[in-house]
Amino acid sequence: MHIYADNAATTKMSKSAIDAMLPYFDVIYGNPSSLHSVGQKADEALVNARSRIAKQLGCEAKEITFTSGGSEADNQAIISAARIGEKKGKKHIISTAFEHHAVLHTLNKLEKEGFEVTLLDVHENGIVLPEQVADAVRDDTCLVTVMFANNEIGTIQPIKEIGQICRERGVLFHTDAVQAAGHIRIDVKEQNIDMLSLSAHKFHGPKGAGVLYAKKGIALTNLIEGGAQERGKRAGTENIPAVMGMAAALEDACSHIDENAKKISALRDRIIAGISEIPHSILNGDAEKRLPGNINFCFEGIEGESLLLLLDDKGVCASSGSACTSGSLDPSHVLLAIGRVHDVAHGSLRLSLSEENTEEEADYIIKSVKEVVEYLRSISPVWNDLINGKREFIIK
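The notes below deal with the structure included here. (Residues numbered from 1 in each chain as written. Predicted model: local features only at pLDDT ≥ 70, side-chain atom pairs only at ≥ 80, totals over all residues. Heavy atoms only, no water.)

Description of the sheet that holds strand β2 (residues 64–67)
Line of reasoning, step 1. Read across the open sheet, the seven strands follow the order β2-β8-β7-β6-β5-β3-β4; overall the sheet is mixed. One side of each edge strand has no neighbouring strand; the edge strands of this open sheet are β2 and β4 (116–120). Adjacent strand axes in the sheet meet at a mean angle of 20 degrees when their direction is disregarded.
Line of reasoning, step 2. Of the strand pairs in this sheet, strand β3 (residues 92–96) and β4 are connected by five bridges, and their pairing is parallel. Note that in β4 the partner of I94 across the bridge is T118.
Line of reasoning, step 3. On the sheet, helix α7 (residues 159–169) packs against β5 (141–145) and β6 (172–176) and is oriented at approximately 160 degrees with respect to β6. (Pairing = 2+ DSSP bridges. Helix = DSSP H or I, 4+ residues; strand = E, 2+ residues; numbered from the N terminus. Axes fitted to C-alpha atoms, helices over the stretch in contact; angles between N-to-C directions. Contact = heavy atoms within 4.5 Å.)

Remarks on α7
Line of reasoning, step 1. Listed as buried for α7 are I159, I162, G163, I165 and C166. Take α7 and look down its axis: the buried residues cluster within an arc of 155 degrees, on one side only.
Line of reasoning, step 2. Buried residues in α7 make contact with α6 (130–136), β5 and β6.
Line of reasoning, step 3. Following α7 by one or two positions, G170 has its phi on the positive side, about 70 degrees. (Buried < 20%, exposed > 50% of the residue type's maximum accessible area, 1.4 Å probe, protein only. Arc of directions from axis to C-beta.)

Observations concerning helix α9 (residues 257–275)
Line of reasoning, step 1. Here α9 is 19 residues long and its end C-alpha atoms lie 26 Å apart, about the 27 Å a rise of 1.5 Å per residue gives.
Line of reasoning, step 2. Where α9 is buried, its residues touch α8 (240–255), β9 (281–283), β10 (294–299), β12 (348–352) and α13 (359–378). (Expected span 1.5 Å × (residues − 1).)

Let's talk about the sheet that holds β9
Line of reasoning, step 1. What the three strands build is an open sheet, ordered β9-β10-β12; its pairing is antiparallel. One side of each edge strand has no neighbouring strand; the edge strands of this open sheet are β9 and β12. Here the strands of the sheet are splayed against their neighbours by 20 degrees on average, with no regard to which way each runs.
Line of reasoning, step 2. Bridging between β10 and β12 involves five bridges; their strand directions are antiparallel.

Remarks on a nonpolar patch on the surface
Line of reasoning, step 1. A cluster of nonpolar side chains, namely I18, L22 and F25, defines an oily patch on the protein surface of about 290 Å² accessible area.
Line of reasoning, step 2. Within the element layout of this structure, I18 appears in helix α1 (residues 15–21). (Patch = residues over 30% accessible without salt bridge, like charges linked within 9 Å, V, L, I, M, F, W, Y side chains within 5 Å. Areas by Shrake-Rupley, 256 points an atom, 1.4 Å probe, with all protein chains shown as cover. Salt bridge = Lys/Arg side-chain N within 4 Å of Asp/Glu carboxyl O.)

Examining the side chain of N7
Line of reasoning, step 1. When you line up the elements, N7 lands in the loop between β1 (3–4) and α1.
Line of reasoning, step 2. If near-sequence neighbours (up to four positions away) are discounted, N7 is found in contact with S352, L353, S354 and N357.

Quick notes on unusual backbone geometry
Line of reasoning, step 1. A positive phi is found at H204, a non-glycine position, where the angle reads about 70 degrees.
Line of reasoning, step 2. Within the element layout of this structure, H204 appears in the loop between β7 (195–199) and β8 (210–214).
Line of reasoning, step 3. A positive phi angle is found at H280, which is not glycine, with a value near 55 degrees.

Side note on the nonpolar core
Nonpolar side chains in soluble globular proteins tend to be buried together.
Line of reasoning, step 1. If you look at the biggest cluster of nonpolar residues, it comprises 63 residues, and the most contacted ones within it are L57 and V144.
Line of reasoning, step 2. Contacts of V144, omitting those with residues within four sequence positions, involve I94, V133, V137, I162, C166, V171, L172, F173 and H174.
Line of reasoning, step 3. I302, L349, I365 and I366 belong to the second largest nonpolar core, which has 28 residues in total. (Core = buried A, V, L, I, M, F, W, Y, C linked by side-chain atoms within 4.5 Å.)

Observations concerning the packing of aromatic side chains
We describe a pair of aromatic rings using the distance from one ring centre to the other and the angle between the two ring planes.
Line of reasoning, step 1. This model, assessed by the stated rule, comprises two aromatic pairs.
Line of reasoning, step 2. Here F297 and F299 contribute two aromatic rings whose centre-to-centre distance is 6.0 Å and whose plane-to-plane angle is 15 degrees, an arrangement assigned as stacked. Here F297 and F299 have matching classes, each one buried.
Line of reasoning, step 3. Over the ring of F115 we find K91, and its NZ or CZ is 4.8 Å from the ring centre. (Phe/Tyr/Trp six-rings, centres within 6.5 Å; stacked < 30°, edge-to-face > 60°. Lys NZ or Arg CZ within 6 Å of the ring centre and 35° of its normal.)

A look at empty space enclosed by the protein
Over the atoms, a rolled probe matching the size of one water molecule traces out where space is still vacant.
Line of reasoning, step 1. Under the defined criterion, the tally for this structure stands at two cavities of 30 Å³ or more.
Line of reasoning, step 2. Looking at the largest cavity, its volume works out to about 270 Å³.
Line of reasoning, step 3. Q179, H183, I264, G293 and L353 are, among the 24 residues lining the largest cavity, the residues nearest its centre.
Line of reasoning, step 4. For the lining of the largest cavity, the leading source of residues is α9, giving four residues.
Line of reasoning, step 5. Residues of the lining of the largest cavity, tallied by class, amount to nine nonpolar, 13 polar and two charged.
Line of reasoning, step 6. Space inside the second largest cavity adds up to approximately 40 Å³.
Line of reasoning, step 7. In this structure, the second largest cavity is lined by Q56, L57, A181, G182, I184, R185, I186, L250 and C254.
Line of reasoning, step 8. At the level of secondary structure, the elements contributing two or more residues to the lining of the second largest cavity comprise α3 (37–57) and α8. (1 Å grid on protein atoms, 1.4 Å probe; cavity = no way out; pocket = protein on both sides within 12 Å on 5 of 7 lines; lining within 4 Å. Points joined across faces, edges and corners; volume = space filled by probe spheres on them. Nonpolar A, V, L, I, M, F, W, Y, C, P; charged D, E, K, R; others polar.)

What to know about the environment of L307
Line of reasoning, step 1. By the element assignment, L307 lies in helix α10 (residues 304–313).
Line of reasoning, step 2. On the basis of relative accessibility, which here comes to 0%, the residue L307 falls in the buried class.
Line of reasoning, step 3. Taking C-alpha positions, L307 is 24 Å from H101, a pair spaced 206 residues apart along the chain.
Line of reasoning, step 4. Residues in contact with L307, not counting those within four places in the same chain, are F299, I302, S348, L349, V372, V373 and L376.

By themselves these figures say nothing about function.
What follows is the structure, encoded as structure tokens:
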């Protein structure tokens, strides 16, 4: 059996996305900036896609900027807000300790330029409280950036409430919605969001395509110079095939969002219940306020990399956390942020499901994880010390 359970890293492209892309490779192949008829047909497609994506987010088409993905969108949103604040003498930014590195590294860069960054602590359940944001906002705060849903532990944040606080205090609010878009409902106006980032390959669209929503009136700072594309805010010929695939994928995901969430959540809860039977294991993140397909566990006495390799041998594709940091030997900063100690954080497993997964696959995942954890513990000196009382268990 082969089971793909790493959809938080990337998803399989949907047929609707592929079909939407194909005509723009060899039929409507013009440059949308060209004035001739071939180019104008491509421009019409671009206008169409922008409008369709805006509809799914509850915003206006002119508030949508196409990017290469979520990381670029995060960078442009944060840097733009920082430059706006800088002009007003406001150089304080609020974020959280468990953001994606596209956010954290951008904030590190701004700190070197003299900005002050406050990273809010995350509660053990993986939720940031609106009161924390309210308490941290100062007169010189120019931006609050809090992810919509965490990419590792799947916890969904109180975005509407945080956005309301920012509105009342006159502070721009950005959310990294890369993991949320297409999986939970988003309405930027209703949820008080000023800027939002998403990436197509997280909801069955193509890689290398993303969106930055910026509320009308927010002046974006260019990251890429060289042309007048995207209203002069993102130079470079637009990737029309990818944009069309992204629009189709987002429409498809949003039109089935409730039924998919119901099915995937049931599989998620089935797997969580099964894996929870493993002694000295713990679910990371809130059991209810989490993405439909996210499952994240720590197992005491084992090492995560070995767990992944042996699961792969059994045909289960999973991860230990963010694909962007999979080459790192350090434990997940997300798990450390919610209070997991290093030894426990090293033994983590993230499973992320899609609507294509089945109950049979869920049961096979449970069986495989139990077998692999038992095997790894049987050969682990650390586990031997734990069961013989030479060390104390951290996960009770």
